[in-house]
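Residue strings, one per chain:
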Number of protein chains: 2
Amino acid sequence: MTSDNIIVECGKCKNTDCYIKLCDSHWILLVNNKKNQIVFKKGQHIFLEGHLIFGVYFIQEGKVKVNSSNLDGKKQIVRLATDGHILGHLGSQGETYPIEAVTMEDSRICFFDNQTMHDALMANPQFTFNMMMFYSKELRKIEQRTKFFAQMTVEEKIIFALLYVASTFGISKKEKALNVIISRQDLAEIAGTNSEQISRTLTSLNQQNLIHIRGKEIIMSDYQGLKNCISRYKISLF
Amino acid sequence: MTSDNIIVECGKCKNTDCYIKLCDSHWILLVNNKKNQIVFKKGQHIFLEGHLIFGVYFIQEGKVKVNSSNLDGKKQIVRLATDGHILGHLGSQGETYPIEAVTMEDSRICFFDNQTMHDALMANPQFTFNMMMFYSKELRKIEQRTKFFAQMTVEEKIIFALLYVASTFGISKKEKALNVIISRQDLAEIAGTNSEQISRTLTSLNQQNLIHIRGKEIIMSDYQGLKNCISRYKISLF
DNA sequence: ACAAAAGTCTGCAAAAACGCAACTTTCAAA
DNA sequence: TTTGAAAGTTGCGTTTTTGCAGACTTTTGT
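It should be emphasised that the depicted structure is a prediction, and the values quoted were computed from it without experimental measurement. (Residues numbered from 1 in each chain as written. Chains lettered and ligands numbered in written order. Predicted model: local features only at pLDDT ≥ 70, side-chain atom pairs only at ≥ 80, totals over all residues. Heavy atoms only, no water.)

Colleague: Go over the relation of the copies chain B and chain A, please, and point to the residues and values.
Modeller: Taken as rigid bodies, chain B and chain A are interconverted by a rotation of 180° and an axial shift of 0.0 Å, the fit giving an RMSD of 0.1 Å. Such a turn and shift between the copies fits a two-fold axis. When C-alpha distances to the rotation axis are compared across chain B, the minimum falls at methionine 132 of chain B, with a value of 2.1 Å. When you check the interface residues of chain B against chain A, 100% turn up at the interface there too, and the contact is symmetric in its surfaces. (Least-squares fit on C-alpha atoms with pLDDT ≥ 70 in both. Contact = heavy atoms within 4.5 Å.)

Colleague: Quick one: what's the story with the side chain of asparagine 15 of chain B, residue by residue and with numbers?
Modeller: Residue and element names in this part refer to chain B. Topologically, asparagine 15 is positioned in the segment before helix 1 (25–34). Assessed through its relative accessible area of 7%, asparagine 15 is described here as buried. Setting aside residues up to four positions removed in sequence, asparagine 15 forms contacts with Lys21, Ile59, Gln60, Asp83 and Gly84. (Helix = DSSP H or I, 4+ residues; strand = E, 2+ residues; numbered from the N terminus. Buried < 20%, exposed > 50% of the residue type's maximum accessible area, 1.4 Å probe, protein only.)

Colleague: Any details on the interface of chain B and chain A? Residues and values, ideally.
Modeller: Of the residues lining the interface, 44 residues belong to chain B; the matching set on chain A comes to 44 residues. Together chain B and chain A conceal approximately 4,400 Å² of surface at their shared face, both sides included; 66% is due to carbon and sulfur atoms. On inspection of chain B and its partner chain A, the count reaches eight salt bridges. In this structure, the salt-bridge partner of arginine 140 of chain B is glutamate 95 of chain A, at a minimum N-O distance of 2.9 Å. (Buried area = accessible area lost by both parts, 1.4 Å probe. Salt bridge = Lys/Arg side-chain N within 4 Å of Asp/Glu carboxyl O.)

Colleague: Account for the protein's contact with DNA strand D, naming residues and giving values.
Modeller: Taken together, 15 residues surround DNA strand D, and among them Arg184 and Ser199 of chain A together with Thr193, Gln197 and Arg200 of chain B come closest. Measuring from a phosphate oxygen of DNA strand D, one finds a side-chain N or O atom of arginine 184 of chain A at 2.6 Å. Arginine 200 of chain A places a polar side-chain atom, nitrogen or oxygen, 3.3 Å from a base oxygen of DNA strand D. Of all the secondary-structure elements, those providing two or more residues to the surface near DNA strand D are helix 6 (195–207) of chain A together with helix 6 (195–207) of chain B. Sort the elements by how many residues they give to the surface near DNA strand D and helix 6 of chain A lands first, with four residues. Each residue belonging to the surface near DNA strand D can be placed in one class, and the counts come to one nonpolar, seven polar and seven charged. (Near = heavy atom within 4 Å. Polar contact = N/O pair within 3.5 Å; in protein donor to acceptor, adjacent residues only side chain to side chain. Nonpolar A, V, L, I, M, F, W, Y, C, P; charged D, E, K, R; others polar.)

Colleague: Describe empty space enclosed by the protein, naming the residues involved and giving the relevant values.
Modeller: All names here are of chain A. Scanning the model with the defined rule gives eight cavities of 30 Å³ or more in all. Roughly 110 Å³ of volume is contained in the largest cavity. In this structure, the largest cavity is lined by 14 residues; those nearest its centre are Cys10, Cys13, Cys18, Gln60 and Cys110. Of all the secondary structure elements, the ones that give two or more residues to the lining of the largest cavity are strand 3 (55–61) and strand 8 (107–113). Counting residues per element, the lining of the largest cavity draws most heavily on strand 3, which supplies three residues. (1 Å grid on protein atoms, 1.4 Å probe; cavity = no way out; pocket = protein on both sides within 12 Å on 5 of 7 lines; lining within 4 Å. Points joined across faces, edges and corners; volume = space filled by probe spheres on them.)

Colleague: Report on the pairing of strand 3 of chain A, specifying residues and quantitative values.
Modeller: All names here are of chain A. Counting buried residues in strand 3 gives seven out of seven residues, a clear majority hidden from the surface. Of the pairings in the sheet, the one linking strand 3 to strand 8 comprises six bridges and is antiparallel in character. Bridge assignment links tyrosine 57 to a residue of strand 8, and that residue is phenylalanine 111. Judged from the two bridges that link them, strand 3 and strand 6 (residues 86–87) form a sheet pairing that is antiparallel. Within strand 6, the position partnered with tyrosine 57 by the bridge is leucine 87. (Pairing = 2+ DSSP bridges.)

Colleague: With reference to specific residues and values, describe the sheet that holds strand 8 (residues 107–113) of chain B.
Modeller: All names here are of chain B. Read across the open sheet, the four strands follow the order 1-8-3-6; overall the sheet is antiparallel. Each edge of the open sheet is held by one strand with a lone partner, namely strand 1 (36–40) and strand 6 (86–87). Sheet topology places strand 1 next to strand 8; five bridges connect them, and they run antiparallel. Residue pairing for strand 8: glutamine 37 is matched across the bridge by cysteine 110. The strands that helix 2 (residues 114–123) touches are strand 3 (55–61) and strand 8; relative to strand 8, the one it contacts most, it runs at about 75°. (Axes fitted to C-alpha atoms, helices over the stretch in contact; angles between N-to-C directions.)

Colleague: Give a detailed account of the protein's contact with DNA strand C, specifying residues and quantitative values.
Modeller: Surrounding DNA strand C, one finds 15 residues, the nearest of these being Val154, Thr193 and Gln197 of chain A together with Arg184 and Ser199 of chain B. Taking all atoms of DNA strand C within 4 Å of the protein, the share assigned to sugar and phosphate is 63%. Within the backbone of valine 154 of chain A, one N or O atom sits 2.9 Å away from a phosphate oxygen of DNA strand C. Between a phosphate oxygen of DNA strand C and a side-chain N or O atom of serine 199 of chain B, the distance comes to 2.7 Å. Among the secondary structure elements, those contributing two or more residues to the surface near DNA strand C are helix 6 of chain A together with helix 5 (184–191) and helix 6 of chain B. Considering each element in turn, the surface near DNA strand C owes the most residues, four residues, to helix 6 of chain B. Class assignment of the residues belonging to the surface near DNA strand C gives a composition of one nonpolar, eight polar and six charged.

Colleague: How would you summarise the pattern of salt bridges if you had to cite specific residues and measurements?
Modeller: Any two side chains of opposite charge can pair, given that their charged atoms come close. All names here are of chain A. Enumeration over the complete set of coordinates arrives at 24 salt bridges over all chains. Note that lysine 65 and aspartate 186 form a salt bridge whose closest N and O atoms lie 2.8 Å from each other. Of this pair, lysine 65 sits in strand 4 (residues 63–69) while aspartate 186 sits in helix 5 (residues 184–191), and the two are 121 residues apart along the sequence. A relative accessible area of 13% places lysine 65 in the buried class.

No statement about biological role is implied by the geometric values presented.
Here it is, written out as structure tokens:
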């Protein structure tokens, strides 16, 4: 991460994926002046379940998990997000978040209020069109996850979860290690199981040489082999 | 359904939810001239998994299931859709559908090709904005379904599936019967289980007076009671 | 009206997954 | 370096879910 104290201006932001860039140049300036950029440390909440929605968040740089909990406190990670991704959504008056967003690493987040977003969207069709396509793509992704949740065995769900993490946060080129340190509990909350099953399965995948575990790192030794394990689900995300 | 042979013009369409209506009046005419309206009989495919994407489909009137299958032929219904809803998405060159759409009743469907949609979206910010909001809302809905798939027991999943069907297709005012005749197999493909479990559970719910079964109809006798069964998941869809 | 086909229901045994408990490892603060 | 808390691992009994088999019912086509 770049230094915490310097605010990254939209006009100078190196994040090529950010949709704000699709606005007209004077709108980029205008929106930039309205935005609120915050650097969150690892493990902090960006917003909480039940909080009023005032606008949307763009990730300038960082790694974020979006989760939803039930009354027993059991959590489910519904989405992982990184550079250029959008968190939350435009809210109507009085609407509250049904989910919470938590940083998995230090992250720089840009906040834009509902009114600013609405004005920018109405004035910049290219921007709105791409925002629409973003949501549409995320919808298709999660539709595939729905199938996986409904039909996969626990081992398959865990393999899917590993591939999902790898596709979102990436793997190091040389060693194929996941670009994030992720706990057994977090993996369980992605795969929809418990941390014991994660332990058991990672040990088993390690023995099959499909992955390797080195300390807290997970190395995706045999990426193709993992994909083959779940190929019958025809998942086209990875 | 209105007569099969008469094409419903966008300008005269009684469907108040359709986003096309948000375009400028001359765009509505233009888009109407480009559209292709087809009446599908119950059980017909609107599009198939693997087919090239040429545009999007709007449901003028009808009931549709969107499902995704794996190589074993096992299916999963990922979404139910009715009047005013959108099927498919704008595709890039050479992209194919990862899902298929099948009518559950006779349905009148309007098709708009990629280019027409793109032009209309670029010229009508109100239309684009609402399309974006549609996808954003569907994303939130399915994020909640993700949690339910990950954490619920089979009985809870089946109750959720019943409430999902009721909220999408509605229930008759007097008797609270589901406004659709749905097979055990279809319910299984929504809930992510098998038809035997559906049978067992419906019998049990019937005995608990939470629902009643009359022939092919499912009567949601105790709607609130069903909601209470899954209240710990804080699902805000119904 | 009849037969075939499709759909539904129920019991039962096998398989999968869960959750507790005990134990080990890792990490960070004292 | 010690020590305690948190995270991870593993075994095992219990619970849940599955999938097959067979009976029964409804629908469909001839």
